[in-house]
Amino acid sequence: MSLGKILIVDDDANLLELIKMRLESADYEVTAAREEDNAVVELKAGNFDLCIVDLMLANRDGITLMEEFRAVNPEVPTIILTAHGSIQNAVEAMRRGAYSYLTKPFEPGDLLLQIERALENRKLNSEIKRLKGLLHEQFDFANIIARSAKMRSVLDVVMRIARLDSTVHIHGESGTGKELIAKAIHLASDRKDKPFIALNCAALPETLLESELFGHEKGAFTGAVKSTRGLFTQAHGGTLFLDEIGDMPLSTQSKLLRVLQERQFYPVGSEIPIEVDVRVIAATNKDLEELVKKGTFRDDLFYRIHVIPIYLPPLRDHKEDIVPLVEHFLKKCSQQMKKDVKGITPEALRKLMLHDWPGNVRELENTIEYSVAMTQKEFVTEEYILQGKISFSDGAQTGVNDKQTASDDALRPLKDARDAFERDYLVQVLSMTDGNVSQAAKLAGKYRADFYDLLKKHDLKADDFKKTKSAASASS
Ligand SMILES: Nc1ncnc2c1ncn2[C@@H]1O[C@H](COP(=O)(O)OP(=O)(O)OP(=O)(O)O)[C@@H](O)[C@H]1O
Ligand SMILES: [Mg+2]
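Residues numbered from 1 in each chain as written. Chains lettered and ligands numbered in written order. Predicted model: local features only at pLDDT ≥ 70, side-chain atom pairs only at ≥ 80, totals over all residues. Heavy atoms only, no water.

Chemist: Just checking my understanding: could you explain the sheet that holds strand β4 (residues 78–82) for this structure?
Modeler: Paired through backbone hydrogen bonds, the strands of a sheet run either parallel or antiparallel to each other. If you walk across this open sheet you meet the five strands as β2-β1-β3-β4-β5, and the pairing is parallel. Edge strands, defined here as strands with exactly one partner in the open sheet, are β2 (29–33) and β5 (100–103). Strand after strand, the sheet turns through a mean of 20° between neighbouring axes, direction not considered. Of the strand pairs in this sheet, strand β1 (residues 5–9) and strand β3 (residues 50–54) are connected by four bridges, and their pairing is parallel. Residue pairing for β3: V9 is matched across the bridge by V53. (Pairing = 2+ DSSP bridges. Helix = DSSP H or I, 4+ residues; strand = E, 2+ residues; numbered from the N terminus. Axes fitted to C-alpha atoms, helices over the stretch in contact; angles between N-to-C directions.)

Next up, the structure:
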């Protein structure tokens, strides 16, 4: 795995070879070109991240070549190498778009530093571009933390399916962000100016649930003193979010099925059908397929709902997001509570990393809120971390979590346990070093190459731990 692809152009063959060797040993992938025309061909063919160009080439000056490069790919930064005493030219090169320059002879460390900065800068630019693109789509991702590959691919699906009218089924454990994602889908769709209406299907008894959803005529049942419009009518043109759909009684399920098939329904006690244009997003923290097998959920409704499935992973499976989530919640809570909490100590972070998070992001949010409320200092210490988690650890949360905890407590094969520990450990050191592999490897007492092998084994990318990756911190 290389840190980036670099093209170097110089007509001094020895220097070229020397720089190539140095950069390769620093984990870059390097193409060296002596003849300028060849270099432009190379640049077009390869997907380079950076160019290094000598100012004084045999046939023409490096600035012209740099400009040709920029015409091919304006995103790729160029570092100019100049001979001693030609600062004037170097300044001219910067004016015409070079990222920076180095005067020969230079220290290898200086070159590496410039390269690192140029690449970091490039990443930042493309991140800004990406965020601007999102703004262009009129959608605000800033409140959704997604640094991990898992969460980024969730957002990727969200962006792609937002504009469709197909039913979405969001499933995942309690507190994983199902409602947040449902709202995000609505806001990224053309329905965003119409209502987003949420209903928790587990909260109401059967008859009330039906009249909530479909409305009722006056006198349809005892207590129906006047007719009401149901949520389907209120959500017309917009999105209806049906939370905990697994708890919907069977009779309501068949009514819902009819709306999804025919786009119309009858209010309770009425014989006049009402037509609606509503996108349905359903969510559940239960295993719907299991409920279908047990016979408490209709299979035809399952297939109607499970058109676009979105799975939200439990927090313990994307611990890469803990650090940006903590930063996000710290900022939010200290603003709300008018406190000046600046961060969190490494020990406290360590505790967060080791925790298993049965309550997922909500549990993390509560933990941070509690510790911000309690702390008298500028930094949250481990003292208050996971003090207020009683409601999660006693299994009072949901049936699903009970099951989860039980199976987690069961003995796993040694290899699985060791792999899980190893992954958590890597996530922890990378989080503590903001994705700096050299530092992380040092902390872990590993050689860089071996450390990279470990990252590969666990499908982790050091880049995912760099601060610029998080939407929230890049936009603030
Ligand atoms: N990726 C995220 N970035 C920022 N905040 C998040 C993220 N995921 C969840 N949250 C926050 O965590 C809390 C819980 O999220 P949400 O209510 O959407 O979860 P849920 O899956 O609907 O939970 P439940 O199953 O208990 O209803 C909310 O305050 C939400 O804003
Ligand atoms: Mg919810």
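Next comes the rest of the description.
Chemist: Explain the packing of helix α6 (residues 149–161) against helix α7 (residues 178–187) to me, please; I cannot follow it from the model alone.
Modeler: Running from amino to carboxyl end, α6 crosses α7 at an angle of 35°, the nearest separation of the two axes being 9 Å. Remark: the crossing between α6 and α7 carries right-handed chirality. The segment α6 lies against α7, with V154, L155, V158 and I161 engaging I181, A184 and I185. Grouping the amino acids of the contact of α6 with α7 by side-chain chemistry returns seven nonpolar, no polar and no charged. (Left-handed = near helix turned anticlockwise from the far one by under 90°. Contact = heavy atoms within 4.5 Å. Nonpolar A, V, L, I, M, F, W, Y, C, P; charged D, E, K, R; others polar.)

Chemist: Please clarify how the side chain of T381 should be interpreted in this entry.
Modeler: In this structure, T381 sits in the loop between β16 (379–380) and α16 (390–393). T381 gets classed as buried once you look at its relative accessible area, which sits at 14%. Apart from residues lying up to four places away in sequence, T381 is in contact with T345 and A348. (Buried < 20%, exposed > 50% of the residue type's maximum accessible area, 1.4 Å probe, protein only.)

Chemist: Sorry if this is basic, but what is going on with the nonpolar core here?
Modeler: Considering soluble globular proteins, one finds that nonpolar side chains tend to be buried as a cluster. By size, the foremost hydrophobic cluster in this structure holds 37 residues, and its most contacted members are L352, L364 and F451. Per-element tally for this core: the top contributor is helix α13 (residues 322–336), with seven residues. Sequence-distant contacts of L364, defined by excluding residues within four places in its chain, comprise L315, I322, L325, V326, F329, L352 and W357. By size, the runner-up hydrophobic cluster in this structure holds 28 residues, among which are L257, V259, F297 and L301. (Core = buried A, V, L, I, M, F, W, Y, C linked by side-chain atoms within 4.5 Å.)

Chemist: Where do I start with the environment of G109 in this structure?
Modeler: In this structure, G109 sits in helix α5 (residues 108–136). Each C-alpha atom of the pair G109 and R22 lies 9.8 Å from the other, and the pair is 87 residues apart in sequence.

Chemist: How should the packing of aromatic side chains be read in this particular structure?
Modeler: When we look at a pair of aromatic rings, we describe it by the centre distance and by the angle of the planes. Per the stated rule, a full pass over the model turns up six aromatic pairs. Each ring, one from F214 and one from F265, has its centre 5.5 Å from the other, and the planes form 50°; the classification is tilted. Of this pair, F214 sits in helix α8 (residues 206–214) while F265 sits in strand β11 (residues 264–265), and the two are 51 residues apart along the sequence. Of the two residues, F214 and F265, both sit in the buried class. A ring pair is formed by F421 and Y425, whose centres lie 6.1 Å apart and whose planes are at 35°; its orientation type is tilted. Of the two residues, F421 and Y425 are both situated in helix α18 (residues 414–432); the distance of four residues between them amounts to about one turn of the helix. Residue classification places F421 among the exposed residues on the basis of a relative accessible area of 54%. An aromatic cluster is present here, built from F214, F232 and F265 joined pairwise through their rings. Taking the ring centre of F48 as reference, the NZ or CZ of K5 above it sits at 5.1 Å. (Phe/Tyr/Trp six-rings, centres within 6.5 Å; stacked < 30°, edge-to-face > 60°. Lys NZ or Arg CZ within 6 Å of the ring centre and 35° of its normal.)

Chemist: Sorry if this is basic, but what is going on with the environment of D243 here?
Modeler: Checked against the element boundaries, D243 lands in strand β10 (residues 239–243). Taking relative accessible area as the criterion, D243 reaches 15% and is therefore assigned buried. Considering only alpha carbons, one finds D243 and A283, 40 residues apart in sequence, at a separation of 4.8 Å. If near-sequence neighbours (up to four positions away) are discounted, D243 is found in contact with E179, L199, N200, C201 and A283.

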